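A structural walkthrough
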Amino acid sequence: MWIASVVNINWPSKPGLTADEQKAEFVAWLDVAVQRKLNSVFVQIRPTADAFWPSPYEPWSQYLTGTQGQDPGYDPLGFAVAETHKRGLAFHAWFNPYRVSMQADPAKLHPDHPGRKHPDWILPFGGKLYYNPGLPEVRKFCQDAMMDAVTRYDIDGLHFDDYFYPTNTTAFDDGATFAEHGAGFPDLATWRRNNVDLMVQEMQQRVLAAKPEIAWGISPSGIWRNKASDPLGSDTSGGQSYDGLHADTRGWVKKGWLDYIAPQLYWYMGQPPADYSKLVPWWSDVASGTKTLLWIGQAAYKAGDPAQAAQWQAPGELSAHLTLNRDHPEIGGDIWYNANDVKVDRIGSVTTAVNDHYQRPALAPVLPRLANGEPPRRPVLAYALRRPGGGVEVRAVATGRDEPFQFAIFRFGRPASSGAFADARNLVAVVPGDRQVRWTDADGKRGDHYYVVAVDRANRTSKPSNGFRVI
């Protein structure tokens, strides 16, 4: 699920909370993720050209203390990453690449803010401030600011949201920048699209150079282009990221610039002019045959909202989305927006989806480019013993130098063949890693056979441990 910080949407719930209050709130969000059987959180740590960590590039976020540049008294990113990993969850650091401020007055930025030091870097639009994507020095600076978090913290992914150039960009005043840097481009739109392409391509190169085992991806708006604009487009008639945001989302997948793409398919099935049931096969076709994983952004925030259409008042709508996804093996998972809606669950739509689809544990997908990397060492299953109160206690021990990120525990009715571990119906638990773990299977019984597999941070799995039959 996405945990949003801009304007205090999710965390912190309001500016000015004490460090202990902020910590308690974040842990509570992790509890929601565990309760809903999720395995990852996407946490917004750079909402408006600011930072949720002590950054040498940009000031402390105002959404922490209420005052931009004010130290919150602890390291929110460091705390959040550590607490996330304690629970066996992956931490994806979510960045907004270009947004500088939710208001349009540069004088209200911190005196040391890069936008104050370099006023030529920023442009007002729609009551907000943006970095100008057409300036090469801006692109490099934004990359440097984000890579600071990537290199200093033990994160599992670098994640962009769907904001690139602002929509309705005819009023975005970058004509002078185009005149200076746009030589060789036929028009403003093509040049802008190239600027965004450079940001995406260069971010991939920097991630691969600095931390190749983390995932790099983007959650764009759900329509690349409509079929009426481009025969390669989807059978839709909504806003187009290619034209409106100058984001060639389909091109990024086809060119191999992303580890995953997570289009925000925030429409119900059958919705005109953007039908979820038409966009899922379109995106699946785009991802097919590439090395870019496809995850779907789900609109938990619309379910049960009285302002939304009648279809969003049906508790089964989101579950039906996941059912449709099963027919498209390119889809490896879903991300829910946003955390508050996952928690509050107004009409039980998230609970319905969890009950229908998340009753068994799941291992996160391995990035195709990392699939052939060194897997973790095979663990040892020390025992699987019946407990006096019922169930079976399993104890697993790591054997490699590195502590596994997770242990996957499998249960069978007979000794397992090597191919049996590909069937997730035999997976009964995924537990946070340690040098050794104990876990009790409440449904375990005499005669069951247990095995344990070690999982590393890239989601690669070891060979299964020795088997243990419960007697």
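In case you missed it, the structure is sitting above this.
This section reports on the structure supplied with the text.

What counts, and where the lines are drawn
- Residues numbered from 1 in each chain as written.
- Predicted model: local features only at pLDDT ≥ 70, side-chain atom pairs only at ≥ 80, totals over all residues.
- Heavy atoms only, no water.
- Helix = DSSP H or I, 4+ residues; strand = E, 2+ residues; numbered from the N terminus.
- Rg over C-alpha atoms; globule rule 2.2 N^0.38 Å.
- Contact = heavy atoms within 4.5 Å.
- Pairing = 2+ DSSP bridges.
- Axes fitted to C-alpha atoms, helices over the stretch in contact; angles between N-to-C directions.
- Phe/Tyr/Trp six-rings, centres within 6.5 Å; stacked < 30°, edge-to-face > 60°.
- Buried < 20%, exposed > 50% of the residue type's maximum accessible area, 1.4 Å probe, protein only.
- Lys NZ or Arg CZ within 6 Å of the ring centre and 35° of its normal.
- Core = buried A, V, L, I, M, F, W, Y, C linked by side-chain atoms within 4.5 Å.
- Parallel < 35°, antiparallel > 145°, perpendicular 65-115°, else oblique.
- Left-handed = near helix turned anticlockwise from the far one by under 90°.
- Nonpolar A, V, L, I, M, F, W, Y, C, P; charged D, E, K, R; others polar.
- Polar contact = N/O pair within 3.5 Å; in protein donor to acceptor, adjacent residues only side chain to side chain.

Let's talk about the overall build of the protein
Regarding its fold elements, the protein presents 13 helices and 18 strands. The C-alpha radius of gyration of the protein comes to 23 Å, within 12% of the 23 Å expected for a compact globule of 471 residues. In terms of overall dimensions, the protein has a C-alpha envelope of 80 × 50 × 45 Å along the principal axes. If you take every contact in the protein between residues at least 6 apart in sequence, the share linking residues at least 24 apart comes to 71%.

Let's talk about the sheet that holds strand β8 (residues 215-218)
Taken in spatial order, the eight strands line up as β1-β2-β3-β7-β8-β9-β10-β11 in an open sheet, and their pairing is parallel. Looking at strand neighbours, the two that pair on one side only are β1 (2-3) and β11 (331-337), the edges of this open sheet. Note: strand β3 (residues 90-95) against strand β7 (residues 157-160), four bridges, orientation parallel. Pairing of F95 across the sheet is with F160, part of β7. In the packing of helix α7 (residues 188-210) onto the sheet, the strands contacted are β7 and β8, and the crossing angle to β8 comes to about 165°. Contacts between helix α11 (residues 317-325) and the sheet are confined to β10 (293-299) and β11, with β10 contributing the most and set at about 165° to the helix.

Quick word on the packing of aromatic side chains
How two aromatic rings sit relative to each other is set out by the distance from centre to centre and by the angle between their planes. For the structure on display, the rule yields 32 aromatic pairs. Ring centres of F160 and W216 lie 4.9 Å apart, and the angle between their planes is 90°; this geometry places the pair in the edge-to-face category. Note that F160 is positioned in strand β7 and W216 in strand β8, a separation of 56 residues in sequence. Accessibility assignment for this pair places F160 and W216 in one class, buried. A ring pair is formed by F410 and F421, whose centres lie 5.1 Å apart and whose planes are at 75°; its orientation type is edge-to-face. On the criterion of sequence distance, the pair formed by F410 in strand β14 (residues 406-412) and F421 in the loop between β14 and β15 (427-432) is long-range, its members being eleven residues apart. When its relative accessible area of 4% is taken as the criterion, F410 is described as buried. Judged by relative accessible area, which is 16%, F421 ranks as buried. Taken together, the ring pairs connect W2, F42, Y266, Y301 and Y337 into an aromatic cluster. Stacked on the ring of Y163, the Lys or Arg R99 has its end atom at 5.3 Å from the ring centre.

Details of the nonpolar core
Of all hydrophobic cores here, the largest spans 118 residues; its most connected members are M1, I45, F91, Y131, L158, F160 and W336. With 16 residues, the next largest nonpolar core counts V428, A429, V431 and V437 among its residues.

As for the packing of helix α5 (residues 136-152) against α7
Direction vectors running N to C along α5 and α7 enclose 30°, while the axes themselves pass 11 Å from each other. Between α5 and α7, the interaxial angle falls into the category roughly parallel. Handedness of the crossing formed by α5 with α7: right-handed. The segment α5 lies against α7, with R139, K140, C142, Q143, D144, M146, M147 and T151 engaging N195, L198, M199, E202, M203, R206, V207 and A210. Classifying every residue of the contact of α5 with α7 gives eight nonpolar, three polar and five charged.

Considerations on the sheet that holds strand β6 (residues 128-131)
One open sheet holds the three strands; their spatial order is β4-β6-β5, and the pairing between them is antiparallel. This sheet does not close on itself; its edge strands, each paired only once, are β4 (99-101) and β5 (122-125). Sheet twist, expressed as the mean angle between neighbouring strand axes with direction ignored, is 40°. Pairing of β4 with β6, which is carried by two bridges, proceeds in the antiparallel orientation. Bridge pairing in β6 links S101 to L129.

Some details on the environment of D161
Within the secondary structure layout, D161 lies in the loop between β7 and α6 (175-181). For D161, a relative accessible area of 4% gives the class buried. Excluding residues within four positions of it along the chain, D161 makes contact with Q44, W94, F95, N96, P97, I218 and S219. A distance of 3.2 Å separates polar atoms of two side chains, one belonging to D161 and the other to N96. A polar contact of 3.3 Å, which involves the side chain of D161, links it to the backbone nitrogen of Y163.

Quick notes on the pairing of β3
Successive residues of a regular strand alternate their side chains across the two faces of the sheet. The element β3 is extensively covered by neighbouring structure, given that six of its six residues are classed as buried. With burial as the criterion, each face of β3 is covered, one bearing A90, H92 and W94 and the other bearing F91, A93 and F95. Strand direction decides the pairing type here: strand β2 (residues 40-46) and β3, joined by six bridges, are parallel. Bridge pairing links R46 to F95 in β3.

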